[in-house]
Amino acid sequence: MTEFSIIGKPIAMVDAAGKTTGAGKYTDDLCLPGMLVGKILHSAYPHARIKRIDTSRAEKLDGVVAVVTGKDAPTPYGILPVGHDEHALALDKVRYVGDNLACVAAVSEDIAEKALELIDVEYELLPAYFDPEGSMKAETDLIHDNKPHNIEKDYHHVFGDPDKALAEADYVAEGRFIANEVTHAAMEPHSALASFELDPHTGKLGRLTVWSSTQVPYYLQHKLSLVLEMPMAQIRVIKPLVGGGFGGKSEVIPLEIIAAIAARAARAPVKITYNREEVFWAHRGRPRTIIDLQTGVKKDGVINAVKARVVQDGGAYCSYGVVTILYSGALLGALYDISDIAYDGYRVLTNKPACGAMRGHGTVNVRFAFESQLDEIAAKLNLDPAEIRRRNLLKPPCITINGLRVQSYGLPECIDQVVERSKWKERKGKLPRGRGLGIGCSHYVSGAANSIIRSDMPHSTVNIKIDRDGGVIVYTGAAEIGQGSDTMTAQIAAETLGCSLARLKVVAADTDLTPIDIGSYSSRVTFMAGNATLRAAEEVKKQIASAAARKMKCPPDELVFRDDEVYRRDLGGEGARATHSEASASGRVEGQILRGSLQQKRKDEGPKDWMTFEEAVVAAIDFHGALTGTGSYAPPPEARGGKHKGAGVGPSPAYSYAAQVAEVSVDEETGEVTVHKVWAAHDCGRALNPVSVDGQIIGSVWMGLGQALEEEMVWKDGMLMNPGLLEYRSPSAIESPEVEPIIVESIDPEGPFGAKECSEGSLAATIPAIANAIHDAVGIRLRECPFTPERVLTALRAQNKAKPINLTEGVDPTAPTRFREHGGALWFRGKGPERHPLDPARQKATAEIGGDD
Amino acid sequence: MKKELIELRVNGRSHELAIEPNKLLLDMLRQDLQLTGSKRGCDDSSCGACTVLVDGITMLSCTLLAASCEGQEITTVEGVSERGGLAAIQKAYGDWGGAQCGYCTPGFIMTVKHLLAENSDPTEDEIRAALSGNLCRCTGYSQMYQAIKAAIDAEQRGMAAVK
């Protein structure tokens with residue numbers, strides 16, 4: 001008999017049928033009687049003061065029920081307590097092309113769109129900032145008045161004595177790396193439906209219910225309460241199925257609040273669903289990051305110091321920015337053993353959509369730089385790149401110089417696995433020119449040890465209710481967003497209670513029904529909500545065991561719960577239990593409902609040596625009354641990090657580890673890079689559902705591949721040039737390489753059944769693995785991603801000392817400089833900023849606006 | 001715009017509908033028939049989440065006028081389940097992790113259905129080519145190939161369920 005009966009086995013997700021048949025409901029699939037359609041008016045300018053908004057013409061249009069503007073909800077909010085700098089609808093200023101100005105609620109989408117055209121806005125244009133390094137020099141016309149030099153936040157951390165260590169290093173590598181901006185592009189556009197009930201006592205608007213495609217229902221409830229000035233208890237947030245998040249839905253997106261404001265004004269339910277272009281404007285993706293990195297090593301390849309200066313182009317609002325810039329520095333630690341670290345991080349505001357959290361939050365771009373530089377160092381020292389990584393391993397359990405506690409550490413095995421499977425030793429450096437292998441490593445938190453809202457509240461709480469039918473209902477606030485959170489919850493509860501999955505029903509993410517959980521982000525759900533589920537199930541199990549033990553005349557800890565049966569440990573061999581299975585085949589227990597209440601108890605049946613799960617449950621309810629349990633999880637104090645300023649970000653109860661080898665070929669004529677295969681090993685602690693873990697690893701690799709090769713948000717004067725899925729170019733089935741996921745199980749001492757995170761940590765290794773493979777193939781070191789054909793060709797020409805090609809030289813200056821330029825709706829309606837400095841119309845405009853391009 | 005009466009056949013049933021002549025098939029399915037399985041992921045035929053079959057051919061319902069489909073047989077993901085049970089491809093997508101968030105899944109199911117109707121034993125390259133018009137952001141597609149192969153095996157074994 002194996003150790004576990006439910007976990008560790010590949011199973012279909014509990015909500016899979018709803019997804020494959022189309023029966024499952026996402027927010028935009030919902031419909032309420034009398035529901036109106038909301039449409040939002042967006043700013044056409046990157047930075048402007050609003051002098052006047054006149055909605056009167058729009059309000060008069062037949063079919064328009066309400067028009068709301070910033071005045072209808074003037075309270076600022078933001079996901080971080082330190083970053084309350086957003087308004088659901090702009091009050092006095094717009095700060096990016098796409099910023100929200102007004103919302104129309106109308107009986108149909110056509111009418112709402114027509115009404116948007118009738119809203120008159122008078123702007124006073126202000127100089128705009130698009131480049132973070134330029135923006136940092138700003139003295140006037142600041143994006144937010146309380147942020148001098150447009151710097152949202154800067155941190156300067158020194159651990160050990162990096163200057164001294166660098167001076168003692170045998171070799172110091174130095175370089176500037178740039179990772180361009182990418183976005184989540186989840187398949188489901190954001191959607192929110194808001195509806196008020198009338199209060200029977202006051203006769204006025206009462207409780208509010210919001211259905212939303214969110215990763216964080218409880219944060220949404222909190223921010224709605226803040227902006228609408230309603231008590232949280234009057235607000236219910238329900239999360240239906242969510243069509244992917246990746247961090248893009250991990251904070252409150254303006255439409256969620258706007259829908260509620262519009263519903264309040266219209267006195268009717270209002271649904272707002274973004275179109276794809278609006279999703280790109282809502283953004284909250286990974287910022288363009290400029291990394292100046294110095295790594296010092298000894299002759300044997302042991303790293304003795306790292307200095308990093310990181311500048312992030314954060315866009316117009318704070319969003320998760322303060323956390324992002326801290327992660328970039330904090331997670332320089334906990335992967336390798338580095339004793340001296342200096343980190344200068346700048347989160348800078350620019351007039352572009354706000355950047356926020358995206359898969360691998362804050363770590364991905366810096367990891368690209370670090371792992372690429374480590375490869376350069378290995379080449380310099382004539383060391384095998386896999387070997388130099390092995391020489392810098394941590395020795396856990398340990399606490400890193402910047403206060404991160406590491407317990408389980410599967411990195412060595414991850415490296416061994418990918419080296420072996422890719423035949424690294426035989427092939428690395430020996431493939432024909434044009435084809436190469438590269439390695440990269442990465443790690444990520446299994447949830448943040450400190451919540452973004454400082455409090456002593458547990459990060460996850462789970463309730464379990466079991467009734468006389470033997471059905472187990474688990475109530476969890478954790479948000480299923482496609483990653484398998486509900487399935488994980490069901491598996492852990494079923495395994496602990498020893499019952500079949502068919503008995504499990506997970507009720508999730510409904511603030512009225514489920515206990516609080518801070519949401520699905522920073523890969524925290526398996527570790528934290530999983531632990532809470534485990535504890536809740538153990539509490540219920542204890543109650544069942546005490547009742548069953550009375551019937552079986554043995555101590556409760558002698559009982560084994562497994563496969564829908566409860567039996568005494570000494571009697572529970574395979575053979576003994578086989579005879580029982582027939583007895584419970586019908587699945588019904590005599591007197592299931594009535595026994596203990598109306599029906600007389602049977603005469604003493606004598607001690608039993610086994611019971612079905614239902615019999616045990618009925619016995620427990622007879623004995624205790626209602627059968628419920630609750631469990632919660634808060635990270636232990638030892639895992640919460642150091643004391644320095646900003647120490648709260650980075651610590652986690654456990655870290656996942658990943659190593660990858662990528663095999664690529666480079667076409668030296670076209671500059672095109674093809675990834676043939678990626679071997680991806682990931683230490684997830686324990687794989688609760690291997691098919692899901694594989695899926696998360698492959699998905700991470702694949703998203704990293706997109707950022708490495710194709711995906712980039714292209715800007716021109718603050719206008720997004722590629723706000724469409726075709727132009728943004730996330731890889732399709734044609735471009736996706738074969739990925740061999742390799743699960744490494746390090747069994748974390750605190751994870752539920754030893755599990756850690758598995759859905760973010762792998763992403764960061766893919767980009768440097770590909771960069772290093774390109775170097776192996778053709779000898780060029782690419783320090784800016786994505787590695788597009790243009791950049792590859794430029795580097796190849798530089799390698800041959802040829803003149804770089806200027807693709808746009810001598811061409812019409814107003815012509816698009818990139819093939820995939822698209823420009824979006826505003827562009828085509830002639831509302832965008834003018835296109836090119838030589839465009840006469842723009843010269844007139846810049847004379848008025850000024851500008852910083 | 002003034003509504004007109006049209007008759008459409010969807011998943012084997014006829015519906016008489018009063019709709020605007022400029023109404024898109026996707027909106028008609030989702031709003032008028034409450035068949036919300038077909039999804040809107042973009043606005044310009046780039047993602048494939050709205051894929052349906054029109055007379056057995058995959059079409060993107062987000063850029064197709066509903067009125068233009070009069071007299072044709074429309075099949076949506078809701079019409080794929082066989083005799084009240086999961087079709088082999090649906091079961092396989094669940095078992096092999098072909099669906100994570102599931103938003104793109106109905107479109108993929110329709111595309112695969114069409115692929116397998118045309119070619120009962122496609123190679124991996126043929127599968128990749130067929131799927132390339134649909135975008136998925138979660139899975140990296142690999143597990144979909146496994147699911148499709150499993151569904152083909154199940155079909156060949158004449159079973160309705162795979163495992």
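Residues numbered from 1 in each chain as written. Chains lettered and ligands numbered in written order. Predicted model: local features only at pLDDT ≥ 70, side-chain atom pairs only at ≥ 80, totals over all residues.

Observations concerning the overall build of chain B
Spelled out, the test is: Helix and strand assignments follow DSSP, with helices taken as H or I runs no shorter than four residues and strands as E runs no shorter than two, numbered in order from the N terminus. As defined in this context, the radius of gyration uses C-alpha atoms, and a globule is described by 2.2 Å times the residue total to the power 0.38. As a rule, residues whose C-beta atom has 12 or fewer other C-beta atoms within 10 Å are exposed, those with 20 or more are buried, and those in between are partly exposed; C-beta atoms are placed from the backbone. Here contacts are defined at the residue level, using C-beta atoms placed from the backbone and a cut-off of 7 Å between them.
Helices and strands together make up the secondary structure of chain B, namely five helices and five strands. Listing the helices and strands of chain B from first to last along the sequence gives β-β-α-β-β-β-α-α-α-α. For 163 residues, the compact-globule estimate of 2.2 N^0.38 gives 15 Å, and the C-alpha radius of gyration of chain B, at 16 Å, lies within 12% of that figure. The principal-axis extents of the C-alpha atoms in chain B amount to approximately 50 × 30 × 25 Å. Relative to its full complement of 163 residues, chain B shows a buried share of 53%. Long-range contacts, defined as pairs at least 24 residues apart, comprise 58% of the intrachain contacts of chain B with a sequence gap of at least 6.

Quick word on the overall build of chain A
A tally of helices and strands in chain A yields 23 helices and 31 strands. Taking 853 residues into account, the globule formula puts the C-alpha radius of gyration at 29 Å, and chain A, at 29 Å, falls close to it. In terms of its C-alpha atoms, chain A occupies a principal-axis envelope of roughly 100 × 75 × 50 Å. Each of the 853 residues in chain A was classed as buried or not, and the buried ones make up 61%. Of the contacts made within chain A by residues no fewer than 6 positions apart, 80% connect residues no fewer than 24 positions apart.

A look at the nonpolar core
All names here are of chain A. For clarity, the threshold we go by: The term nonpolar core refers to a group of buried residues, namely Ala, Val, Leu, Ile, Met, Phe, Trp, Tyr and Cys, whose C-beta atoms join them within 7 Å.
Counting residues in each nonpolar core, the largest one holds 327 residues, and the members touching the most others are I258, A259, A262, I770 and I774. Here this core takes 14 residues from helix α15 (residues 525-552), the largest share from any one element. Setting aside residues up to four positions removed in sequence, I258 forms contacts with G38, I40, A88, L89, N100, C103 and I272.

A closer look at helix α14 (residues 485-497) of chain A
Residue and element names in this part refer to chain A. Counted only if it meets this: Helix span, expected: 1.5 Å multiplied by one less than the number of residues in the helix.
Here α14 is 13 residues long and its end C-alpha atoms lie 18 Å apart, about the 18 Å a rise of 1.5 Å per residue gives. Across the 13 residues that make up α14, a large majority, 13, are buried. Residue G498 follows α14 closely and has a positive phi angle near 65°.

Comments concerning helix α3 (residues 105-118) of chain B
For α3(B), built from 14 residues, the straight-helix expectation of 20 Å at 1.5 Å per residue is met to within 8% by its first-to-last C-alpha distance of 20 Å. Every buried residue of α3(B) is listed here: B:T105, B:P106, B:G107, B:F108, B:I109, B:M110, B:T111, B:V112 and B:K113. For α3(B), the elements touching its buried residues are α1 (16-21) of chain A together with β3 (51-54), β4 (57-60), α2 (88-95), α4 (124-131) and α5 (142-156) of chain B.

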